[in-house]
Structures are given as structure tokens and as C-alpha cells.
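So the chains spell out like this:
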Amino acid sequence: MSLDRRLPMLGTLPFDAPDDRPREECGVFAVSGTDSAARLTFLGLYALQHRGQESAGIVSMDRELGAQSHKGMGLVSEVFDEEVISRLTGDTALGHVRYSTAGPSALRNAQPVLVNYRHGDLALAHNGNLTNACELREELSAQGAIFQTDSDTEVVIHLIARSRDENEIDRVMGALRSITGAFSLVLEAGDTLYAARDSRGFRPLVLGRRGDAAVVSSETCALDIIGADFVRDIEPGEVLKIRHGVVEAVGRLEPATPAPCMFELVYFSRPDSTVWGLSVDAARREFGRQLAREHPVDGDCVFSVPDSSNSAALGYAEESGIPLELALIRNHYVGRTFIHPTQAGRDFKVRVKYNPVAEVIAGKRLIVVDDSLVRGTTSRGLVRMLRDTGAREIHFRVASPPIRFPCYYGVDMPTREELIGATHSIDEIREHLGVDSIGYLSLEGMAGAVEDSGPFCDACWTGSYQAPLVDLELGHEPASFSY
Ligand code: SF4
């Protein structure tokens, strides 16, 4: 047999493409006031890698050389090396990890976006999704603006660059007042940083300190990696100016009822982060405990769909008194694209990512805890795999309510037609997954578990959108500009 005939046909696929998870969105990290700014930013991005694995970038500002930039497609460890980091000089640096929610996955869309305009270098890194970016882009294009990216973030750069205000803070505030939706962003204007959150505070952004240096980060876990202390959350609508490590509050956006994203607690943020004043691990355990109270079932063991469901499964096991087991082992080294044999079985992609521990599963009544269900594809494959491994009963428990609406505030979710929670009843979902029982955490149970914080955005469960969906109402497809 020739070698060609022995090998299966090979193709590549984006490994996460039909996955059952909403996508991590973006992470931002910035440092001011130390000559190690770029090196610390590199480490910070490492800790924020879970928020975006498609591209990474850092822009440092050197007083003599001006902006120094490096961006690339891939993981932080793939994009940066010692030689690159040592070239990123200056006492101010801004970094970004990105997952593109729609539109082309291309280097031109990697952030930070860097331009040079009449007042100097300007770099911007953004987490969130602007809900009037299409409208602004059309207006700016009609005025002659030329866009270099497909990103909603670039409109902010244009708004600042085209401002007639002589004062830099006025230019920044004017741009921020023109945009709606979700933004936790950091702007680098020369060696001055500006950090801002939208008035509802959809996405997290925290302030830290490491000696004389000030640090801004999407999550606290990235402060830990560089030995920085958590100072406080940057408040919804707050705009900070940071120069050589000195932090100054310089503006406020129009107040609105805060609507921090509940999904950060359910899935996105790392469990070792503190988000919305809560330990993410503690919040997820409480979701799991409440889930056990709402949907008790007899079983031999509880286990998680690793890793994002680990804390919720612990909570379920603690509350129910049923032992927690490690029944699924996740392969952490799959990568973003995977070369796969096209003739492999229908659940091949699930098998590559998770492998069952047969001794734990065979002949047992299993309680599987997952953090959320989006399309149901991965979960269905997992259930088939568990059945094939000899599970006697499978009881599926979801530590959040059924997702019924897309997110327009910076989280990649499919359309309503693809959301299993929007198109199927609970019993139809049970049947579709092929499980013996299914139970979702109630909306009240989820909110009650974290009632001391909030109010939260819960629009993907309720359809109650807090920030105006300007582009959608004008007939644009906002997801085409979402990051
Ligand atoms: Fe978060 Fe859902 Fe609100 Fe989007 S719609 S910001 S995912 S809670």
C-alpha cells in the first residue's frame, strides 16, 4: 500500500468552530511607570490568554523613539520572544489578546490599533462591542475617513483624531461620549494612558499597583502574575489618566444603571480572578450548590466538563454529598487549529479534547455539571462518549439558565436560531442530548447566589438589553464589527 493510501485524508479545521461554548472575547493589560512596562505587559497577557487566543499585541511608548509595536497571530507565547520584548522600550506599554467574533481573522485586526496623528502616537486596546460602530463608521467614511481594520475599535481612533478640541482629555472624552455599548478600553496617547469603562460597566477593568508602576488589567489574575496589588475596579463610566505611574480621575461618562456581565462569573473569567467584587471560584461554587438544591438526583458521582465547570461541579458535590470524580480528562494542547482525518467519527473533535476515565464511568449513574449550553453540539458528543464508555445513567446539570438571546456587548454567541435554549424546550434538549434527566439553574437561583453584587446584565437569558442596540435597529449586523 502506498503511503498516500495508508494515510487518511487530512484537512484543517478551526478546532473551536462548532464548540458548545461562547467565545472568550478580549483581554487588555497596560503598565505605566517602569522601564519593564512591555515585559510586565507580556506576562499580564499570558495570564489573560483565556480571553483570546487568536492574536496578541503590545505597543510601548519610548520617550525618544516613539511608539514601538509588535503584533502577531497566535498565542502570546508564539507572538513574543526575548528579542521582541527587548525592543519594546519605554516606561508605558499597552497589550491586547483577541478573539475575533466575526469577520476575518487577520493580522490587520489585531490590537492594539496604532496610528500617528497630528498630536502624536495613539494606540488603543478594547474589550467589548460598540453597538453604534456601524453608524459611526458610515458617518466617518462619508467624511473621508479611511479604515484600515474591520474592527469597531477603530472608530474611536478616528473620533479622537478628527476632534477639533485642543485639549487631549477633551478629545478623548468627546470620542467616548459618542460611542455606545460595551467598552473597557485603554488608550495610549504618547506616554499617557487613559483607561475607561462604559457607563454600564459590561466588561471588567481593574487598577493595580506594583511599586511606582500603575497597572490596568481586564482581570485580577493578571495582576497576580506580575506581583501587583489589586487597588480597585475602575468604575462604570470612569475615565482615568495615568502618566509615569500617577493615576488621576479625569472624567465621567453619563451615568446609567450598571449592568456588569453575569457571564463573566459563569464562564469567561478565570476562577482565580475577583470580578465584580466576587471571587469567581466562590460564585461558581455557589451556582453549583444552588443547582444541587434546585435539581437533586440520585447518582454515584458528580463530575465537571473541564475546566470552566470545575468550581460549579465542586459546589454541586458539596451540597449533594455525592462524591466528586475526575471522569473527563481535557487535552490542553489541542491548539487553535487541528489537522484531522476527515474520515474520523462524528465525535472525533470531542474525543480529541476530552477523554473519559473508563474506571470512573462504567456502570455508574453520572451527574455531569456544565457551566452553560450554547448549541449543544459538544455536550451531545460528550454524552455519546459517556454512553460508549458504559455509563448506566447520565444526569446533565447546567450551572446557568438556558441561553435564549444573542449578546451584543462583546461576547460571541450564535444567532437565536442556533441557540438550543431558544429553539428547544427543556425536554427536547434532554432528548437531543440523549440524557436521562436535565436541570438548568434558574435565573432567580443564579441572581440569588450573587445577590450582594449586581444588578447584572442578563440579556442573553432574558432578552432585556440595557444599552441601546443602535446598529441593530438601523438594520446593520452588529456582530460584523464585534470584538
Ligand atoms: Fe454578558 Fe449575556 Fe449580557 Fe452579553 S448579554 S453582556 S454575555 S450577560
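Here is a short report on the structure shown in this document. Quantities reported herein were computed from a predicted structural model and do not represent experimental measurements.

1. Considerations on the pattern of salt bridges
Next, step 1: One pass over the full model with this rule turns up 22 salt bridges.
Next, step 2: Across the pair R51 and E219 runs a salt bridge whose closest N-O atoms are separated by 2.7 Å. Highlighted residues: R51 in the loop between α2 (37–47) and β3 (55–62) and E219 in the loop between β11 (213–217) and α8 (221–225), separated in sequence by 168 residues.
Next, step 3: The exposure class of R51 is buried, given its relative accessible area of 2%.
Next, step 4: The class for E219 is buried, based on a relative accessible area of 0%.

2. Structural notes on the pairing of β3
Next, step 1: Among the eight residues that make up β3, eight are buried, leaving the element largely enclosed by the rest of the structure.
Next, step 2: Relative to strand β4 (residues 66–73), β3 is paired through eight bridges, and the arrangement is antiparallel. By the bridge assignment for β4, I58 is matched with H70.
Next, step 3: In textbook terms, the turn of a hairpin is the stretch between consecutive antiparallel strands, and for β3 and β4 this stretch comprises three residues.

3. Quick notes on the pairing of strand β22 (residues 393–398)
Next, step 1: Most of β22 sits inside the fold, with five of its six residues counted as buried.
Next, step 2: Following the backbone out of strand β21 (residues 365–370), through helix α14 (residues 377–388) and into the adjacent parallel β22, one traces a crossover that is right-handed.
Next, step 3: Pairing of β22 with strand β23 (residues 437–440), which is carried by four bridges, proceeds in the parallel orientation. Residue pairing across strands places F396 opposite I438, the latter belonging to β23.

Conventions used here
Residues numbered from 1 in each chain as written. Predicted model: local features only at pLDDT ≥ 70, side-chain atom pairs only at ≥ 80, totals over all residues. Heavy atoms only, no water. Salt bridge = Lys/Arg side-chain N within 4 Å of Asp/Glu carboxyl O. Helix = DSSP H or I, 4+ residues; strand = E, 2+ residues; numbered from the N terminus. Buried < 20%, exposed > 50% of the residue type's maximum accessible area, 1.4 Å probe, protein only. Pairing = 2+ DSSP bridges. Right-handed = clockwise from strand over helix to strand, strands pointing away.

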